[in-house]
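Examining the three-dimensional arrangement
For reference, the chains in residue letters:
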Amino acid sequence: MTEQHEAPGGVSGRALRPGDGPDGVGARSLQKDIPQATVTRLATYLRVLATLAEDGVLIVSSEELAVAAGVNSAKLRKDLSFLGPNGVRGVGYDVAKLRTRIEDVLGLSGGHRVVLVGAGNLGRALVGYGGFRRRGFTVVGVFDADPAVIGAPLAGLTVRDAAGLRAAVAELEPTIAVIAVPDEAAQDVCDQLVAAGLQSILSFAACGLIAPDTVEVRRVDLAVEMQMLSFERTRNAEPEPLPEVAHVGSGRIARRAPAHPALKHSTSHSATEPKGKGSVVTP
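Residues numbered from 1 in each chain as written. Predicted model: local features only at pLDDT ≥ 70, side-chain atom pairs only at ≥ 80, totals over all residues. Heavy atoms only, no water.

On to the overall build of the protein chain, then. Counting secondary structure elements, the protein chain contains 11 helices and 13 strands. When contacts within the protein chain are restricted to residue pairs at least 6 apart in sequence, long-range pairs at least 24 apart make up 58% of them. Of the roughly 16,900 Å² of accessible surface on the protein chain, 56% is carried by carbon and sulfur atoms. (Helix = DSSP H or I, 4+ residues; strand = E, 2+ residues; numbered from the N terminus. Contact = heavy atoms within 4.5 Å. Areas by Shrake-Rupley, 256 points an atom, 1.4 Å probe, with all protein chains shown as cover.)

The following block contains the structure:
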């Protein structure tokens, strides 16, 4: 699939409104057809585009963007095809326009207000991370049940008593809640958030949380992620067996030495996978 030409002026001469698809259909309609794996990669493309924009890059080719995102260019073009026409054949993608388009489809164009429950070590680290605000996520409230923490300043906010969580949610009107409390308290906090009307919850608790089907709960288990890294490290460390090659004219089997790593890497690319980074620097 090649990059598509962007139709000037939108649909039938009408400028595209925020949220419109290439045919005038809203972003919500497009979202229903996008696979989850593609959504995950769109978030990665958005991170790369943000870095490019900060570096003053105006146009990026599919090959450059693919390399920076760690995918092949064919997969990237297929992912971006769900967003409608975005690029110009032979030129590439307008960084600002593509960034805005992905933000719109991911529901980020209006930004998000976030409340965090749990002001321990993990919670403090999350609130102190400046990347959230740069990407449209603003922490508007921090809560904890520890009397020693309540009332303390944290990243420009004051830690509130978790006992008043439900009333505070009505006041702050957040769209996303983050749970960073001990496992034994996570379900109770989740119940309070659901009762307060939150429909999007990110949990760092190792235990699974029970919530209504109308509530989206995503769980980040750091231990599981490290276990996956351990597995990959162990698997990659296993030596590859040498292939057996029969010598012509002899009844002896010899083992062929493995190819040089650089040559081995160069032959692993597909026909559409870019070989160089060009002007793109991987974040």
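Now, onward.
With that settled, consider a nonpolar patch on the surface. Judged by side-chain polarity, Leu-122, Leu-222, Met-226 and Leu-229 come together as a nonpolar surface patch covering roughly 410 Å² of accessible area. When residues in the nonpolar patch are grouped by element, the largest group, three residues, is from helix 10 (residues 222-237). When you line up the elements, Met-226 lands in helix 10. (Patch = residues over 30% accessible without salt bridge, like charges linked within 9 Å, V, L, I, M, F, W, Y side chains within 5 Å. Salt bridge = Lys/Arg side-chain N within 4 Å of Asp/Glu carboxyl O.)

Attention shifts here to the pattern of salt bridges. Inspection of the entire model under this criterion finds seven salt bridges. For Glu-63, the salt bridge identified is with Arg-77, shortest N-O distance 3.6 Å. Linking Glu-63 in helix 3 (residues 62-69) with Arg-77 in helix 4 (residues 73-81), this pair joins segments that are 14 residues apart in sequence. Looking at Glu-63, the relative accessible area reads 33%, which means it is partly exposed. For Arg-77, a relative accessible area of 12% translates into the label buried. Across the salt bridge formed by Arg-235 and Glu-232, the nearest N and O atoms sit 2.7 Å from each other. Of this pair, Arg-235 and Glu-232 both sit in helix 10, three residues apart, which is roughly one turn of the helix. A relative accessible area of 28% places Glu-232 in the partly exposed class. (Buried < 20%, exposed > 50% of the residue type's maximum accessible area, 1.4 Å probe, protein only.)

The feature "binding site: NAD(+)" (unreviewed entry), as given by UniProt, occupies Gly-118, Ala-119, Gly-120, Asn-121, Leu-122 and Gly-123 in the numbering adopted here. Within the secondary structure layout, Gly-120 lies in the loop between strand 4 (112-117) and helix 6 (121-128). Positionally, Gly-123 belongs in helix 6. Here Gly-123 falls in the buried class, since its relative accessible area comes to 0%. The residues touching Gly-123, leaving out its near neighbours within four places in the chain, are Leu-116, Gly-118 and Ala-180. (UniProt positions renumbered as here; feature names shortened; annotations may be inferred.)

To continue, consider the packing of helix 2 (residues 36-54) against helix 3. Taken N-terminus to C-terminus, the directions of helix 2 and helix 3 make an angle of 105 degrees; their axes are 9 Å apart at the nearest point. The pairing of helix 2 with helix 3 is recorded here as roughly perpendicular in orientation. Contacts between helix 2 and helix 3 involve Thr-44, Tyr-45, Val-48 and Leu-49 from the first element and Leu-65, Ala-68 and Ala-69 from the second. Across the contact of helix 2 with helix 3, the residue classes tally to six nonpolar, one polar and no charged. (Axes fitted to C-alpha atoms, helices over the stretch in contact; angles between N-to-C directions. Parallel < 35°, antiparallel > 145°, perpendicular 65-115°, else oblique. Nonpolar A, V, L, I, M, F, W, Y, C, P; charged D, E, K, R; others polar.)

With that out of the way, let us pick up the layout of surface pockets. One water molecule sets the probe size; rolling that probe over the atoms shows where empty space is left. When its volume is computed, the largest pocket comes out at roughly 1,600 Å³. Along the walls of the largest pocket sit 36 residues, with Ala-43, Leu-108, Phe-137, Ile-176 and Arg-218 positioned nearest its centre. Looking at the lining of the largest pocket, the elements with two or more residues in it are helix 2, strand 4, helix 6, helix 7 (131-134), strand 5 (137-144), strand 9 (176-179), strand 10 (200-203) and strand 11 (216-219). Of the residues forming the lining of the largest pocket, the biggest block, seven residues, is contributed by helix 2. In terms of residue class, the lining of the largest pocket is made up of 21 nonpolar, 11 polar and four charged. Among the domains, domain 1 (32-106) and domain 2 (112-230) are the pair contributing at least three residues each to the lining of the largest pocket. (1 Å grid on protein atoms, 1.4 Å probe; cavity = no way out; pocket = protein on both sides within 12 Å on 5 of 7 lines; lining within 4 Å. Points joined across faces, edges and corners; volume = space filled by probe spheres on them. Domains from an automatic or database assignment.)

To continue, consider the nonpolar core. Of all hydrophobic cores here, the largest spans 23 residues; its most connected members are Tyr-45, Leu-49, Leu-76, Leu-80, Leu-83, Leu-98 and Ile-102. Going through the elements one at a time, helix 2, helix 3, helix 4 and helix 5 (95-105) are the ones with two or more residues in this core. By residue number, the principal contributor to this core is helix 2, which donates six residues. For Leu-49, the residues in contact, after removing those within four places along its chain, are Val-60, Leu-65, Val-95, Leu-98, Arg-99 and Ile-102. Residues Ile-179, Val-181, Ala-186 and Val-189 belong to the second largest nonpolar core, which totals 21 residues. (Core = buried A, V, L, I, M, F, W, Y, C linked by side-chain atoms within 4.5 Å.)

Helix-helix packing is described using two parameters, namely the angle between the two axes and the distance between the axes. Taken N-terminus to C-terminus, the directions of helix 2 and helix 4 make an angle of 105 degrees; their axes are 10 Å apart at the nearest point. Here helix 2 lies roughly perpendicular to helix 4, going by the angle between them. On the side of helix 2, the interface is formed by Thr-38, Arg-41, Leu-42 and Tyr-45, while helix 4 contributes Lys-75, Leu-76, Asp-79 and Leu-80. When grouped by side-chain class, the residues that make up the contact of helix 2 with helix 4 number four nonpolar, one polar and three charged.

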